[in-house]
Every structure is written in structure tokens, then in C-alpha cells.
Amino acid sequence: MNIDIVTIFPEYFAPLDLSLLGKARRGGLLDLAVHDLRSWAHDRHRTVDDTPYGGGPGMVMKPEPWGEALDAVVPSGTTARLIIPTPSGRPFTQTLAAEYAAEPRLVFACGRYEGIDSRVAEEAAARMPVDEVSLGDFVLAGGEVAVLVMVEAVARLLPGVLGNADSVSDDSFAPGAMESLLEGPVYTKPPLWRDRPVPEILLSGNHGAIARWRRDEALRRTARVRPELLARLDPERLDAHDREV
Ligand SMILES: Nc1nc2cc(Br)ccc2s1
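Basis of the calculations
- Residues numbered from 1 in each chain as written.
- Predicted model: local features only at pLDDT ≥ 70, side-chain atom pairs only at ≥ 80, totals over all residues.
- Heavy atoms only, no water.
- Pairing = 2+ DSSP bridges.
- Helix = DSSP H or I, 4+ residues; strand = E, 2+ residues; numbered from the N terminus.
- Axes fitted to C-alpha atoms, helices over the stretch in contact; angles between N-to-C directions.
- Near = heavy atom within 4 Å.
- Polar contact = N/O pair within 3.5 Å; in protein donor to acceptor, adjacent residues only side chain to side chain.
- Phe/Tyr/Trp six-rings, centres within 6.5 Å; stacked < 30°, edge-to-face > 60°.
- Buried < 20%, exposed > 50% of the residue type's maximum accessible area, 1.4 Å probe, protein only.
- Domains from an automatic or database assignment.
- Arc of directions from axis to C-beta.
- Contact = heavy atoms within 4.5 Å.
- Right-handed = clockwise from strand over helix to strand, strands pointing away.
- Patch = residues over 30% accessible without salt bridge, like charges linked within 9 Å, V, L, I, M, F, W, Y side chains within 5 Å.
- Areas by Shrake-Rupley, 256 points an atom, 1.4 Å probe, with all protein chains shown as cover.
- Salt bridge = Lys/Arg side-chain N within 4 Å of Asp/Glu carboxyl O.
- pLDDT = per-residue confidence, 0-100.
- Core = buried A, V, L, I, M, F, W, Y, C linked by side-chain atoms within 4.5 Å.

What about the sheet that holds strand E5 (residues 81-91)?
Across the sheet, five strands lie side by side as E2-E1-E6-E5-E7; this open sheet has parallel pairing. Edge strands, defined here as strands with exactly one partner in the open sheet, are strand E2 (31-36) and strand E7 (130-134). For this sheet, the mean inter-axis angle between neighbouring strands, taken without regard to orientation, is 30°. Note that E5 and strand E6 (residues 105-109) share three bridges and pair parallel. Among the inter-strand pairings, Arg81 is bridged to a residue of E6, identified as Leu106.

Now the structure itself:
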């Protein structure tokens, strides 16, 4: 997979050289490039923003540098999926992360200030899919942190990036048996810690009973923390035992 990120703060993405993502890049599983938007701002001060038409607080990112940046990063005759994080976007979910992980090429545009001139997304949509995506009902100072989150959520789904492929299938919200359920509690050695034992069932070696216990705990946590997710569950996926939990 190819990922390009356009930002006025390239240094925000230094963490993408670390850990699993750094290893995936060095191993050729992921090609990732970060571009400084100011490379396409040609005035002496490399200006990327201006006052909003219609008045109002703050500044808006100018369309010219963005237009040139996207022309350079996605030349005509090539395509990519353009993702623009914004508080006013569609929700970013595990399902959308999986959709993005199946794409050959993603380009992330990091807005700042009050956002990017709306004509940029409009013009790009004439030649590539454009998603305006929200990470939640809160406002950041810019799109960079949102892009870090999305890149990690997507890259960890790429084959070979996580050492244990099973980790992905057990994810909360992953398709399959645990779909739309929050993950329950997890434990490791020692079996007793500060007078707190590990649940006996997990030491039993009875894999069927352990799987049942884990699903029960996932149902209990989901009912406690995110009851609205249970409403999403297809009733067909709940067996008689589930309904008693
Ligand atoms: N939650 C989010 N806040 C912001 C702010 C800006 Br400025 C750009 C993107 C995002 S995504």
C-alpha cells in the first residue's frame, strides 16, 4: 500500500518511523511519504492561509497550494482515495479502516486553522474518491493527529504488519463473532497479583468454555459501556445463552 500525507507540519509524522509502522515501511509492506504543503506556496512567506470570505474568526487554508500539491502527489492519469479529516465528516470506524486497508493508495490532507477551502475537495472529487472523515465529536488544532490515528488503524490491518494475524480478527468491531462487541478483560502472568487472581476459567485449558466466557465478558462490557452497540447486533447472531448474559 502507498500512503501520502500532505501537511504544514511534516515533523508530526516522525512517530511513523517507529515500532510496527516503521518496521512495515522498512520491510516494504507500506510505502509512506510525507509532503510539506509549503513546497507549493510560492510567495516569499510561503503563505497557505487567508481570511474567510463572509467574515468570521480564524483563517482558511488557501486552495492554490492544495491544488498544486494534489496535482503533484496524484498526477493526472493516476488515482488515489483522498481522505480529509474534519470534525464535520463521516465517522471513522473499524469497518472504514478495513475498507481503506484494501485500497492500493491513500492520500491524507491535513487541514489547519478553520479548515481547507471547500473547493479543494470539490475539485479533487472530479477525479478521485474524496472522504471527509471524523474521529469523533471533538475539535483538534489540525488534522495531523487524526491522520496518525487513521494511518495506524489502517496499517495494522495490512497482512504481515502485526506479528499475530489473530489479533486483528479478535479486534473490537472486527467482522466475525466479536463484531460490534467491545473486547473483554485480558490477563497474563502471574496467576495471582496483589491478592488478585486470574479468573479460574482461563487456567482451565477448556477452550470451548474459555471462548464462551470471553464472549460473555464482551457482552457484559458492551452492555455496560456501549449499550447502543448491542442494538446494532443482528439478533440472529445472539444465541439463547447470549440473551441471558
Ligand atoms: N476532530 C478533528 N478536528 C480537526 C481540526 C482540524 Br483544523 C482539522 C481536522 C480535524 S479532525
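Additional details are given in the paragraphs that follow.
Notes on the site of the ligand
Around the ligand, the structure places Pro85, Thr86, Pro87, Gly111, Arg112, Tyr113, Phe138, Val139, Leu140, Ala141, Gly142 and Gly143. Between a nitrogen atom of the ligand and a main-chain N or O atom of Phe138, the distance comes to 2.9 Å. In this structure, a nitrogen atom belonging to the ligand sits 2.9 Å away from a main-chain N or O atom of Leu140.

Some details on the packing of aromatic side chains
Considering all chains together, one arrives at two aromatic pairs under this definition. Taking 6.1 Å as the distance between ring centres and 55° as the angle between the ring planes, the aromatic pair formed by Phe9 and Tyr12 counts as tilted. Considering the side-chain rings of Phe92 and Tyr100, the 6.3 Å spacing of their centres and the 25° angle between planes classify their relative orientation as stacked. The same class applies to Phe92 as to Tyr100, namely buried.

Here we look at the domain arrangement of the protein chain
Domain boundaries in the protein chain define domain 1 (2-155) and domain 2 (176-244). The C-alpha-based centres of domain 1 and domain 2 are spaced at 37 Å.

With respect to helix H1 (residues 19-26)
For an α-helix, the turn length of 3.6 residues means that residues three or four places apart are oriented alike. Among the residues of H1, Leu21, Gly22 and Ala24 are the ones counted as buried. Buried residues in H1, looked at end-on, bunch into an arc of 160°, giving them a common side. In H1, the exposed positions angled more than 90 degrees off the buried face are occupied by Ser19, Lys23 and Arg26. Looking at the packing, one finds that the buried side of H1 touches helix H5 (144-155).

Section: the pairing of E5
Strand residues, when the strand is regular, have side chains that alternate between the two faces of the sheet. Handedness of the crossover is the feature at issue here: the chain leaves E5, passes through helix H3 (residues 94-101), returns alongside E6, and the resulting connection is right-handed. In the sheet, E5 pairs with E7 via six bridges, with the strands oriented parallel. Following the sheet pairing, Ile84 is matched in E7 by Glu132.

Side note on a nonpolar patch on the surface
Residues Tyr12, Phe138, Leu140, Val145 and Val149 make up a contiguous nonpolar surface patch of roughly 400 Å² in combined accessible area. On the secondary structure map, Tyr12 appears in the loop between strand E1 (2-7) and H1.

Side note on the side chain of Thr7
Examined against the element boundaries, Thr7 turns out to sit in strand E1. Taking relative accessible area as the criterion, Thr7 reaches 0% and is therefore assigned buried. At 2.6 Å, the side chain of Thr7 forms a polar contact with the side chain of Glu144. Once residues within four sequence positions are removed from consideration, Thr7 is found in contact with Phe13, Val34, His35, Asp36, Leu37, Cys110 and Glu144.

Here we look at the confidence of the model for the protein chain
For the protein chain, the average pLDDT comes to 93, and 95% of its residues sit at 70 or higher. The complex model carries a pTM of 0.91, and its ipTM stands at 0.97.

Details of the nonpolar core
Ranked by size, the top nonpolar core spans 29 residues in total, and within it Ile3, Ile5, Leu30, Phe92, Phe108 and Val151 carry the most contacts. Counting residues per element, the ones that place at least two in this core are E1, H1, H3, E6 and H5. Examining the composition of this core, we find that seven residues originate from one element, H5, more than from any other.

Concerning unusual backbone geometry
In this model, Lys189 is joined to Pro190 through a cis peptide bond whose omega is 5°. With respect to the secondary-structure elements, Pro190 resides in the loop between helix H6 (165-169) and strand E8 (192-193). Even without being glycine, Ser19 reaches a positive phi, approximately 50°. Within the secondary structure, Ser19 sits in helix H1. In this structure Ser19 comes out as exposed when scored by relative accessible area, which is 60%. Positive phi outside glycine occurs at Arg46, with the angle close to 50°. Residue Arg46 is classed as partly exposed on the basis of its relative accessible area of 40%.

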